[in-house]
Amino acid sequence: MQLTPEQYKEKMQRRKAIQEERLAEKNTEKGLIVVNTGDGKGKTTAALGIVLRSLGHGYKVAIVQFIKGAWEPAEQKIFSAWGEQIEFHAMGEGFTWETQDRERDIEKAREAWQKALNFIENPEYRTILLDEINIALKLNYLDPREVIAGLARKPADSHVILTGRGAPPEIIEVADLVTEMKLIKHPFREQGVKAQAGIEF
């Protein structure tokens with residue numbers, strides 16, 4: 001049924017009052033632990049949106065990439081425009097099927113975690129992105145208990161984002177915000193379209 005303009009206005013006024021009441025009840029501010037996981041595309045892309053917002057507010061940001069790193073990420077090039085406001089460390093050496101060296105993959109993941117921990121504990125950094133750390137956890141390169149203990153040491157107002165498929169249940173449990181990206185359709189799978197600049201990298 002189509003609402004008249006008056007009915008629509010009345011409906012929206014009621015909705016606005018409810019929203020304002022809800023917002024008035026929510027006055028807590030805190031640094032969040034954010035997890036982007038799932039088999040769908042967009043986990044890192046969504047996290048980079050938060051990174052851009054943080055930069056726009058003038059906050060210091062750090063990005064540590066756990067698996068990626070064997071190639072030059074386009075995002076590293078564009079973020080260099082922010083100078084000292086952002087730290088970007090691509091510390092992996094590529095996908096596990098490319099490296100084919102489990103011990104070295106573990107070593108690189110541990111190095112990346114130590115680098116990340118320095119940023120997590122540093123109150124100067126408001127947003128820290130741990131890109132693909134969930135994969136390092138899923139593959140047992142890192143111990144979830146150690147990562148959880150590290151997250152507990154972050155300042156109260158800083159945000160940490162963990163991306164990658166297969167986030168362990170323990171990480172999901174301590175997170176404040178968890179989003180699961182669901183794969184419905186992908187051009188690589190359905191059409192044989194290879195990864196493209198500007199979309200995948």
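Residues numbered from 1 in each chain as written. Predicted model: local features only at pLDDT ≥ 70, side-chain atom pairs only at ≥ 80, totals over all residues. Heavy atoms only, no water.

- The name recorded for the protein in an unreviewed UniProt entry is Cob(I)yrinic acid a,c-diamide adenosyltransferase, from Pannus brasiliensis CCIBt3594.

### Considering the overall build of the protein
Logical step 1: Across its full length, the protein carries 9 helices and 6 strands.
Logical step 2: When each of the 201 residues of the protein is scored for burial, the buried share is 38%.
Logical step 3: Partitioning the intrachain contacts of the protein with sequence separation of at least 6 by distance along the chain shows that 78% fall at a separation of at least 24. (Helix = DSSP H or I, 4+ residues; strand = E, 2+ residues; numbered from the N terminus. Buried < 20%, exposed > 50% of the residue type's maximum accessible area, 1.4 Å probe, protein only. Contact = heavy atoms within 4.5 Å.)

### Here's the deal with unusual backbone geometry
Logical step 1: One non-glycine residue, Glu132, lies in the positive phi region at around 70 degrees.
Logical step 2: Mapped onto the elements of the fold, Glu132 is located in the loop between β4 (125-131) and α6 (133-138).
Logical step 3: A relative accessible area of 12% places Glu132 in the buried class.
Logical step 4: The phi dihedral of Asn140 falls on the positive side, at around 65 degrees, and the residue is not glycine.
Logical step 5: Examined against the element boundaries, Asn140 turns out to sit in the loop between α6 and α7 (144-151).
Logical step 6: Look at Asn140 and you get exposed, because its relative accessible area is 56%.

### Considerations on the packing of helix α5 (residues 102-121) against α7
Logical step 1: For the pair α5 and α7, interaxial distance at closest approach is 10 Å and the crossing angle is 20 degrees. It follows from the interaxial angle that α5 and α7 lie roughly parallel. Helix-helix and strand crossings are classified by hand; for α5 and α7 the assignment is right-handed. From α5, Arg110, Trp113, Gln114, Leu117 and Ile120 reach across to α7, where they touch Glu146, Val147, Gly150 and Leu151.
Logical step 2: Considering only residue class, the contact of α5 with α7 consists of 5 nonpolar, 2 polar and 2 charged. (Axes fitted to C-alpha atoms, helices over the stretch in contact; angles between N-to-C directions. Parallel < 35°, antiparallel > 145°, perpendicular 65-115°, else oblique. Left-handed = near helix turned anticlockwise from the far one by under 90°. Nonpolar A, V, L, I, M, F, W, Y, C, P; charged D, E, K, R; others polar.)

### Some words on the packing of aromatic side chains
Logical step 1: Applying the stated criterion across every chain yields a total of 2 aromatic pairs.
Logical step 2: Each ring, one from Phe119 and one from Tyr125, has its centre 5.0 Å from the other, and the planes form 70 degrees; the classification is edge-to-face. Neither residue differs from the other here; Phe119 and Tyr125 are each classed as buried.
Logical step 3: Looking at Arg126, its charged tip hangs above the ring of Tyr59, at a distance of 4.2 Å from the centre. (Phe/Tyr/Trp six-rings, centres within 6.5 Å; stacked < 30°, edge-to-face > 60°. Lys NZ or Arg CZ within 6 Å of the ring centre and 35° of its normal.)

### Things to note about the pattern of salt bridges
Logical step 1: Evaluated as defined, the whole model comprises 9 salt bridges.
Logical step 2: In this structure, the salt-bridge partner of Arg165 is Asp39, at a minimum N-O distance of 3.6 Å. Taken together, the residues Arg165 in the loop between β5 (159-163) and α8 (169-174) and Asp39 in the loop between β1 (33-37) and α2 (43-56) connect sequence positions 126 residues apart.
Logical step 3: Under the relative-accessibility criterion, Arg165 is labelled partly exposed at 34%.
Logical step 4: Close ionic contact of Arg153 with Glu121 constitutes a salt bridge, the shortest N to O distance being 2.5 Å. Taken together, the residues Arg153 in the loop between α7 and β5 and Glu121 in helix α5 connect sequence positions 32 residues apart.
Logical step 5: The class for Glu121 is partly exposed, based on a relative accessible area of 34%. (Salt bridge = Lys/Arg side-chain N within 4 Å of Asp/Glu carboxyl O.)

### Some words on the nonpolar core
Logical step 1: Ranked by size, the top nonpolar core spans 29 residues in total, and within it Phe66, Trp113, Leu130, Ile133, Leu142, Val147 and Leu162 carry the most contacts.
Logical step 2: Looking at this core, the elements that each hand over two or more residues are β1, β2 (60-65), α5, β4, α6, α7 and β5.
Logical step 3: The element best represented in this core is α5, accounting for 8 residues.
Logical step 4: With near-sequence residues (within four places) excluded, Trp113 lies in contact with Phe66, Ile120, Leu130, Ile133, Leu142, Glu146, Val147 and Gly150. (Core = buried A, V, L, I, M, F, W, Y, C linked by side-chain atoms within 4.5 Å.)

### Notes on a nonpolar patch on the surface
Logical step 1: Taken together, the side chains of Met1, Leu3 and Tyr8 present a nonpolar region at the surface, about 390 Å² in accessible area.
Logical step 2: When you line up the elements, Leu3 lands in the segment before α1 (5-25). (Patch = residues over 30% accessible without salt bridge, like charges linked within 9 Å, V, L, I, M, F, W, Y side chains within 5 Å. Areas by Shrake-Rupley, 256 points an atom, 1.4 Å probe, with all protein chains shown as cover.)

### With respect to the sheet that holds strand β6 (residues 177-180)
Logical step 1: Pairing in this open sheet of 6 strands is parallel, and the strands run β3-β2-β4-β5-β1-β6 from one edge to the other. The open sheet is flanked by β3 (86-90) and β6, the only strands paired with a single partner. This sheet shows a mean twist of 10 degrees between the axes of neighbouring strands, independent of strand direction.
Logical step 2: Inspection of the sheet shows β1 paired to β5 by 4 bridges, in the parallel sense. Along β5, the bridge assignment pairs Ile33 with Val160. (Pairing = 2+ DSSP bridges.)

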